[in-house]
Amino acid sequence: MNNRNPIVRSQLSAKVPPEKVSFNSSRPLRILSLDGGGIKGIFSTSYLAEIEKLLGGANLGDYFDLIAGTSTGGIIALGLAKNLSASQINELYLTKGQSLFPTDRWTAKKLKYVGDFVHRKLDGRLHETAMFAHDVFYSKYDNEPLKELLTEIVDDAVLGDAKMALCIPSVNAEMHEPAIFKTPHHPDFKMDWKKTMVEIGMGTSAAPTYFKPSEDDNYQLLDGALIGNNPIMMAVIDMVSRVDIMPNNIRVLSLGTGAKLPPLTRRQVEGAGLLAWKEAVDHFNYYQSKNALGQTALLIGPQNMHRAEPLPENCGIDLGDYSSASTRLPQDGQTQAKNHFEVLRGVFFQDTVTPMKFYYGNRSTD
């Protein structure tokens, strides 16, 4: 990409404690936190869509001051911020999801001399071997369908167009540092409001081995799961550090997508190598999420945090397994939402919120 202007975000971070902005409401501040997990985001969209249905069709995004989302959670957050309903986003996941994660990944574009032959002639075990060979050398999936879906969700909107405050984590691979994209809900947050939602969505979703890094004029971005597949603590710290509110006056609804924890074997415990630890990423994500939830409970109080995630039997789905996710997760999400609704209604859904002031962008004069 020509005329790139890479940004080092750490050089622009606040060096002294910032002045906090006021929270002009007597009610608690409400946060929706959405984990990453690829197509397993169907659990989150189904859960939220059912809540909307139980609310009589109200738009769920109208009830939260801040939405934080990693990877697929970031895409859902951007959709809600663009004024889509959870039901609309859920429908897009169910109808478009298979195009994001196709089962046939052997493309002539990547291996032009043999790709077409393999695609036409090989099946069964040979075809699966070809798929494995593809995945060893290339990202599993083309990111163009993902970009098309994001464009359908957010069009050409920039982050400053969001209807509520957002916190979307990613990783700046070029500069080796976190890149947490934020709406301009504090005077310090000047960097991101002109950045397109498509660029941010592509960045937070660029899961290594699944999609190639997302590159634009300022960043080479990797999946936000590398720093926090569960973004709950990022969201709470964002509010506590920038908004004049006591931690125990924050309420969080946190949705997971089914973290898989492979069993620890005797070989691993005794000190195994790469082969035995081939699923180490699943361990990292599982314990990162548990730690983030534990820290949040300590900070705001466990009674102020509400967590939902798929049933144990649905937690082993691969983030690219559309068939299993679309079959098993919708009912799981809907059932849990119905079971939780009466408790959630009293905490999150008594009334809609007045959006936090933006200091830049299309709500900066409010």
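A brief look at the structure comes next. Worth saying up front: this structure is predicted, and the values here are computed from it rather than measured.

Turning next to the side chain of T257. Within the secondary structure layout, T257 lies in the loop between β9 (250-255) and α10 (266-271). Here T257 falls in the buried class, since its relative accessible area comes to 5%. A distance of 2.7 Å separates the side chain of T257 from the backbone oxygen of G36, its partner in a polar contact. If we skip the residues at most four places from it in the chain, T257 touches D35, G36, G37, K40, G41, S44 and P310.

Turning next to helix α3 (residues 86-100). Along its length, α3 reaches its greatest deviation from straightness, about 40°, at L94. For α3, the elements touching its buried residues are α1 (41-54), α2 (72-81), α6 (144-154) and α12 (322-348).

Viewed as axis vectors pointing N to C, α3 and α6 meet at an angle of 155°, and their least axial separation amounts to 9 Å. Regarding the angle of α3 to α6, the classification is roughly antiparallel. Here the hand of the crossing between α3 and α6 comes out right-handed. Contacts from L92, K96, S99 and L100 of α3 reach α6 at P145, L146, L149, E152 and I153. Here the contact of α3 with α6 is composed, by residue class, of six nonpolar, one polar and two charged.

Our next topic: the pattern of salt bridges. Evaluation of the coordinates by the stated rule reveals 14 salt bridges. Where K195 meets D216, a salt bridge forms, and the shortest distance between an N and an O atom there is 2.4 Å. One end of the pair, K195, is in the loop between β5 (177-182) and α7 (197-204); the other, D216, is in the loop between β6 (214-215) and β7 (220-223), and 21 residues separate them in sequence.

This paragraph deals with the packing of aromatic side chains. Taken as a whole and judged by the stated rule, the model has 11 aromatic pairs. Taking 6.0 Å as the distance between ring centres and 45° as the angle between the ring planes, the aromatic pair formed by Y141 and F211 counts as tilted. Taken together, the residues span a long stretch of sequence, with Y141 in the loop between α5 (124-137) and α6 and F211 in the loop between α7 and β6 at a distance of 70 residues. With a relative accessible area of 7%, Y141 lands in the buried category. Take F211: its relative accessible area is 7%, and that puts it in the buried class. Geometrically, the ring pair formed by F348 and F349 is tilted, given 6.1 Å between the ring centres and 50° between the ring planes.

Time to look at the pairing of strand β4 (residues 165-172). A large share of β4 lies buried, amounting to eight of its eight residues. Because side chains alternate across β4, one face comprises the buried residues A165, C167, P169 and V171, and the other comprises L166, I168, S170 and N172, equally buried. Summarising the sheet, strand β3 (residues 66-69) and β4 pair through three bridges and their orientation is parallel. Residue pairing for β4: L66 is matched across the bridge by A165.

Next up on the list: the environment of S25. Relative to the helices and strands, S25 is located in the loop between β1 (21-22) and β2 (29-34). A sequence separation of 328 residues divides S25 from V353, and the C-alpha atoms of the two residues are 9.1 Å apart.

Core analysis: the biggest nonpolar cluster contains 63 residues, and L32, Y47, L48, F64, I67 and L166 have the highest contact counts within it. The element that contributes the greatest number of residues to this core is α12, accounting for seven residues. Residues contacting I67, with those up to four places away along its chain left out, are L32, L34, A77, L80, M164, A165, L166 and C167.

About the cut-offs
Residues numbered from 1 in each chain as written. Predicted model: local features only at pLDDT ≥ 70, side-chain atom pairs only at ≥ 80, totals over all residues. Heavy atoms only, no water. Helix = DSSP H or I, 4+ residues; strand = E, 2+ residues; numbered from the N terminus. Buried < 20%, exposed > 50% of the residue type's maximum accessible area, 1.4 Å probe, protein only. Polar contact = N/O pair within 3.5 Å; in protein donor to acceptor, adjacent residues only side chain to side chain. Contact = heavy atoms within 4.5 Å. Bend = angle between axes of the 7 residues up to and from the residue. Axes fitted to C-alpha atoms, helices over the stretch in contact; angles between N-to-C directions. Parallel < 35°, antiparallel > 145°, perpendicular 65-115°, else oblique. Left-handed = near helix turned anticlockwise from the far one by under 90°. Nonpolar A, V, L, I, M, F, W, Y, C, P; charged D, E, K, R; others polar. Salt bridge = Lys/Arg side-chain N within 4 Å of Asp/Glu carboxyl O. Phe/Tyr/Trp six-rings, centres within 6.5 Å; stacked < 30°, edge-to-face > 60°. Pairing = 2+ DSSP bridges. Core = buried A, V, L, I, M, F, W, Y, C linked by side-chain atoms within 4.5 Å.

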